[in-house]
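A look at the structure
In case you want the letters, here they are:
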Amino acid sequence: MTPATPPEGPQRPDTEVVFDPATYTKGVPFGALARLRRDTPVAWVAEIPVLGWPAGPGFWLVLRHADVESVLTSPKLFSSALGATQIRDPATPQALDYVRQMMLNMDPPEHARLRRLLSRSFTPRAVAGLEDRIRGHARAICDRVFAGPGGECDFAKDVAADLPLLTLADVLGVPEQDRWLLFDWSNRVIGYQDPDYASSAEFDPAQGTAMAQEALALRPAAGRDGRMPDPRTREGMPDLYVYAHLLAEEKRRRPEGPGDDVMSILLTQADDGGGQVSVAEFENMFWLFAVAGNETLRNGLPGACVALIEHPDAQRRLRADPALLPSAVEEMLRWWTPVMTFRRTTATDCEIGGQPIRAGDKVVVSFTSANRDEAVFADPDRFDIGRQPNPHLVFGHGPHFCLGAHLARVQVRALFEEVLARTSSLAYAGRPSWLRSNFQRGVKRLPVVWTP
């Protein structure tokens with residue numbers, strides 16, 4: 001068996017190990033996180049220069065489950081808007097102003113207005129249609145991959161990548177032939193710390209729509225230093241924003257009106273004051289779905305496969321008792337935890353877990369640590385598909401709790417219902433490759449051998 005988390009190297013401070021994106025190419029440093037959680041549960045982390053990015057001012061890393069919940073349920077104290085939600089500060093005041101137009105980086109009441117509008121577009125009819133299509137997509141993917149007398153595949157690319165893309169194409173009303181644009185956009189944003197992903201170009205322009213052709217003409221190129229522009233800025237993702245604008249125009253231009261996808265419904269919603277979603281808000285909502293709506297599942301699905309491969313007893317138990325799948329899905333999500341960290345900025349002087357925090361300090365919650373907190377999860381490193389209760393924080397907590405959590409769970413369950421029904425075993429066919437990132441627990445390659 002190929003281990004997912006080799007032993008950590010000695011000598012370096014745990015805070016530096018946890019911060020360095022290169023650490024994660026060898027696996028998550030669970031030992032370092034456990035020591036910090038035990039000894040300094042609100043730990044100061046120096047932002048050392050990494051991967052060509054300059055040093056930063058440092059931040060407080062919050063490691064215990066209860067403290068993470070406390071931060072996420074106190075938006076007036078721990079702001080998403082003051083410095084946005086990524087560890088690294090936006091490079092300029094203009095860049096910060098721009099990302100504040102995204103719901104992810106808003107505080108109440110602005111956040112609540114957009115969230116209400118978006119929630120209304122997830123009508124029961126729209127969600128039921130999405131669930132049916134998700135199950136159909138899962139069947140079609142597994143028909144293609146798990147055919148014949150057994151073999152090998154890259155589970156990350158051949159199985160896991162396509163389902164979130166197809167689902168997002170349905171949610172966004174994106175033509176199916178353009179869905180790999182979503183793959184490249186997500187790679188560029190989530191994988192900006194990894195050279196394999198920072199300039200992702202899997203989409204074949206010859207297969208795309210006229211909207212895709214027009215957007216790709218604006219795709220940025222690497223600079224003289226070989227690096228792509230910051231994908232969190234408008235200048236770094238002009239092709240995405242142009243595509244979103246063209247898509248909104250196309251939906252509004254239809255004689256029959258916008259369609260029945262979630263983004264089309266959003267365009268017709270009015271808020272409590274009678275206002276509708278602006279073009280800028282639509283573009284940013286599109287960014288949020290295209291990237292954030294993809295990342296958790298893109299890596300959560302192969303992470304779930306890793307869990308089953310590394311725990312063959314659990315794999316056999318689940319095959320013998322498919323009724324365990326709902327609780328197994330929750331444990332797959334907890335055990336892997338695709339989104340590892342999120343940032344807030346302190347609005348006023350306060351304390352977290354007895355640690356004084358000054359106004360303006362960065363506060364970063366560790367979902368990875370919180371989901372392994374011994375005070376909440378018995379034997380937290382064990383993969384237990386029957387774990388009850390399982391109050392993991394994979395989808396966040398509080399006012400920013402993930403709107404797509406239900407659809408994410410449906411995708412995990414639908415895919416593994418098909419995978420387990422079509423295979424009698426899953427095992428490593430080679431060493432997996434992990435993403436270089438301190439934000440996303442990513443799987444770049446997952447070679448799997450399967451028997452029918």
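Our subject in this report is the structure included herewith.

Conventions and cut-offs
- Residues numbered from 1 in each chain as written.
- Predicted model: local features only at pLDDT ≥ 70, side-chain atom pairs only at ≥ 80, totals over all residues.
- Heavy atoms only, no water.
- Buried < 20%, exposed > 50% of the residue type's maximum accessible area, 1.4 Å probe, protein only.
- Helix = DSSP H or I, 4+ residues; strand = E, 2+ residues; numbered from the N terminus.
- Arc of directions from axis to C-beta.
- Contact = heavy atoms within 4.5 Å.
- Salt bridge = Lys/Arg side-chain N within 4 Å of Asp/Glu carboxyl O.
- Expected span 1.5 Å × (residues − 1).
- Bend = angle between axes of the 7 residues up to and from the residue.
- 1 Å grid on protein atoms, 1.4 Å probe; cavity = no way out; pocket = protein on both sides within 12 Å on 5 of 7 lines; lining within 4 Å.
- Points joined across faces, edges and corners; volume = space filled by probe spheres on them.
- Nonpolar A, V, L, I, M, F, W, Y, C, P; charged D, E, K, R; others polar.
- Core = buried A, V, L, I, M, F, W, Y, C linked by side-chain atoms within 4.5 Å.
- Pairing = 2+ DSSP bridges.

Some details on helix α15 (residues 312-320)
Residue pairs spaced three or four apart in an α-helix point in one direction, given the helix's 3.6 residues per turn. Along α15, the residues classified as buried are Ala314, Gln315 and Leu318. In an axial view of α15, the angular spread of the buried residues amounts to 105°, which keeps them on one side of the axis. Projecting away from the buried face of α15 at angles above 90 degrees are the exposed residues Asp313, Arg316 and Ala320. Contacts made by the buried residues of α15 are with α14 (279-310), α16 (325-336), α18 (405-422) and β9 (425-428).

Things to note about the pattern of salt bridges
All chains considered together, the criterion is met by 29 salt bridges. A salt bridge links Glu176 to Arg179; the shortest N-O distance between them is 3.9 Å. When its relative accessible area of 45% is taken as the criterion, Glu176 is described as partly exposed. Accessibility expressed as a relative area gives 15% for Arg179, which makes it buried.

Structural notes on α14
Taking 1.5 Å of rise per residue, 32 residues should cover 46 Å, and α14 covers 46 Å from first to last C-alpha, within 8% of that figure. A maximum bend of about 30° is found in α14 at Asn294. With 28 of its 32 residues buried, α14 lies for the most part within the structure.

A closer look at empty space enclosed by the protein
All told, the structure shown has 5 cavities of 30 Å³ or more when counted by the stated rule. What lines the largest cavity is a set of 35 residues, and nearest its centre among them are Ala292, Gly293, Cys402, Leu403 and Gly404. Secondary-structure elements contributing two or more residues to the lining of the largest cavity are α5 (110-121), α8 (162-172), α14, β5 (341-346) and α18. Considering every element that reaches the lining of the largest cavity, the biggest residue donor is α14, with 7 residues. Looking at the lining of the largest cavity residue by residue, the classes come out as 21 nonpolar, 11 polar and 3 charged. Looking at the second largest cavity, its volume works out to about 240 Å³. The wall of the second largest cavity is formed by 22 residues, among which Gln86, Leu104, Val189, Arg232 and Trp287 lie closest to the centre. Mapped onto the lining of the second largest cavity, the elements with two or more residues apiece are α4 (93-99), α9 (179-190) and α14.

Topic: the nonpolar core
Within the largest apolar cluster, 120 residues are counted, with the highest numbers of intra-cluster contacts made by Phe155, Tyr243, Phe286, Leu415 and Phe416. The element best represented in this core is α14, accounting for 16 residues. Once you skip the residues sitting within four places of it in the chain, Tyr243 turns out to touch Val174, Pro175, Asp178, Leu181, Trp185, Thr209, Met211, Ala212, Ala215 and Phe286. Val18, Leu33, Val50 and Leu63 belong to the second-largest nonpolar core, a separate cluster that totals 18 residues.

Here we look at the sheet that holds β5
Where strands meet in a sheet, backbone hydrogen bonds hold them as pairs that are either parallel or antiparallel. The mixed open sheet is built from 5 strands, whose spatial order is β1-β2-β8-β5-β3. Two strands in the sheet have a free side with no partner beyond their single neighbour: β1 (42-45) and β3 (78-79). Note that strand β2 (residues 59-62) and strand β8 (residues 362-366) share 3 bridges and pair parallel. In the sheet register, Trp60 faces β8, and the bridge partner there is Val363.

Side note on unusual backbone geometry
In this model, Pro108 is joined to Pro109 through a cis peptide bond whose omega is 5°. Mapped onto the elements, Pro109 comes out in the loop between α4 and α5. Cis geometry is adopted by the peptide bond preceding Pro389, which originates at Gln388 and carries an omega value of -10°. Tracing the backbone shows Pro389 in the loop between α17 (367-370) and α18. Although it is not a glycine, Ala84 sits at a positive phi angle of roughly 70°. Mapped onto the secondary structure, Ala84 falls in the loop between β3 and α4. Look at Ala84 and you get buried, because its relative accessible area is 4%.

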